[in-house]
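# Tertiary structure, described
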Amino acid sequence: MNTHEPPGRCPVRLPALSLGAKLTLTLFLLLVGSGYLVAVAKIYVWHNAADGVPGMSPDDLRAVFHGLEREVTEEVRNTLASEMLREVRPGGGMRRYLMRGGESAERALIGWLESGASEADFSVVGRFQAGDPSAKQVIAAQCIECHNAAGGDAHDLPYADARDAEPRYELVARVATPVVGEATEETRVIRLEPISSRELLHSTHAHILSIPVFTLIVAGLFLLTDVGPRFKAVLAPLPMLAVLLDIGSWWLARPFEPFAYVIAAAGALFGVTYGLQILCILACMWVGKRPAPEPGT
Ligand code: HEC
């Protein structure tokens, strides 16, 4: 026992850990530290267009957690495109299947989707150029081999009852009709509904059991560093507090819109304080002063 240690000081000293222990902790910190960046990237990719305008803004958080009223402009229409339109546009996951049908298939399906995906136009052939197939024919030829209820790769998202059956409008419409109605309508205001309580419950469940665990491990390691006790007392609990504020505000923002801003503030607070803790741990572990050898050894 080192008798020169101030009383109450933790016996585990980060700089004195073995190389193996230091490497393990460093790799752990790199992983959970980049986990935060991955989470930010995911939020951006998932929600940046939630308000109908690409790019992250406070309105996206309002749209996701509270709901938002929005005037329908051309840009909003394009961004809030139906799921099917997003899948078959350039960059979409299903585009390569559509393009097996060539330009006429592209014109017919995308044209139908962009003009509102109405039932009346579903089986109209040559709508945008003479000789083009109808949207229904394109779906029959390019999509239902997988999207059929009888057992394609995507049988849980069927557009027809079987592989050789006709596509059914009601099935297609579930993913094809745009959120904001026909493109030819007058500009009007729509309400973007927040995510459902069911989805929010799912997300809360996934986050509330995992984030506090690594936040606690990082805070625990931070408490073992040599930084001053006041700094420790302030910084140690902040990331955990931020997690509580963040998840709590997901729910509070449903009735009380201002909590959407608390979500953003809590996310930033978490990022800064958690990053600072990680830096303190790494600095203390690798360049901190090793404890003086015990007298008499
Ligand atoms: C080779 C099989 C296959 C073909 C052909 C195919 N799909 Fe898919 N599609 C899938 C699978 C599997 C999924 C679900 C997994 C995924 O999202 O990748 C899917 C998902 C989708 C989704 C939902 C995406 C989501 O977010 O869940 C849409 C919309 C879609 N497809 C549209 C189409 C359209 C339109 C066509 C025809 C132009 C088409 N698919 C052709 C296999 C296929």
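Bear in mind that the values here come from a model prediction, so they are computed numbers and not experimental data. Position numbers for residues start from 1 in each chain and track the written sequence from start to end. At least 70 in pLDDT is required for a residue's local features to be given in this predicted model, at least 80 for side-chain atom pairs to be given and counted, and no such filter applies to totals for whole chains, interfaces and linings, which use all residues.

## Quick look at the domain arrangement of the protein chain
How big an interface is tends to be expressed through the accessible area that disappears when the partners come together. The condition that has to hold: Where each domain starts and ends comes from a domain assignment, either automatic or drawn from a database.
Domain assignment breaks the protein chain into domain 1 (14-47 + 196-287) and domain 2 (81-178). For domain 1 versus domain 2, the separation of C-alpha centres amounts to 44 Å.

## Re the site of the ligand
To be explicit about the condition: For each residue, a C-beta atom is placed from the backbone, and the residue is labelled near a molecule or strand when this atom is within 6 Å of it. The helix and strand labels rest on DSSP assignments: H or I over at least four residues marks a helix, E over at least two residues marks a strand, and numbering proceeds from the N terminus. Charged means Asp, Glu, Lys or Arg here, nonpolar means Ala, Val, Leu, Ile, Met, Phe, Trp, Tyr, Cys or Pro, and polar covers whatever is left, Gly included.
Taken together, the neighbourhood of the ligand is formed by 17 residues, with Met94, Leu98, Cys143, Cys146 and Ala154 sitting nearest. Here the shell around the ligand takes four residues from helix 4 (residues 83-88), the largest share from any one element. Split into classes, the residues belonging to the shell around the ligand amount to ten nonpolar, three polar and four charged.

## What about helix 10 (residues 211-223)?
Our working rule: Multiplying 1.5 Å by the helix residue count minus one yields the expected span of that helix. Exposure classification rests on a simple neighbour count of other C-beta atoms within 10 Å of a residue's own: a residue reaching 20 or more is buried, one at 12 or fewer is exposed, and one in between is partly exposed. C-beta atoms are placed from the backbone. What the arc measures is the spread of directions leading from the helix axis to the C-beta atoms. Contact between two residues is assigned whenever their backbone-derived C-beta positions fall within 7 Å.
Helix length check: helix 10 (13 residues) gives 18 Å between terminal C-alpha atoms against 18 Å at 1.5 Å per residue, within 8%. Among all positions of helix 10, only Ile211, Thr215, Val218, Ala219, Leu221 and Phe222 are buried. Buried residues in helix 10, looked at end-on, bunch into an arc of 160°, giving them a common side. When the buried face of helix 10 is taken as reference, the exposed residues oriented beyond 90 degrees from it are Val213, Leu216 and Gly220. Looking at the buried residues of helix 10, the elements they touch are helix 1 (19-47), helix 9 (197-208), helix 12 (238-252) and helix 13 (259-287).

## Comments concerning the environment of Val72
Note on placement: Val72 falls in the loop between strand 1 (68-71) and helix 3 (74-79). Expressed as a C-alpha distance, the spacing of Val72 and Tyr159, which sit 87 residues apart in the sequence, is 29 Å.

## Concerning helix 6 (residues 102-114)
When the terminal C-alpha atoms of helix 6 are compared, their 18 Å separation across 13 residues agrees well with the 18 Å that a helix rising 1.5 Å per residue should span. Those residues of helix 6 that sit buried are Ala105, Ala108, Leu109, Ile110, Trp112 and Leu113. Elements that come into contact with the buried residues of helix 6 comprise helix 4, helix 5 (95-98), helix 7 (135-142) and helix 8 (169-176).

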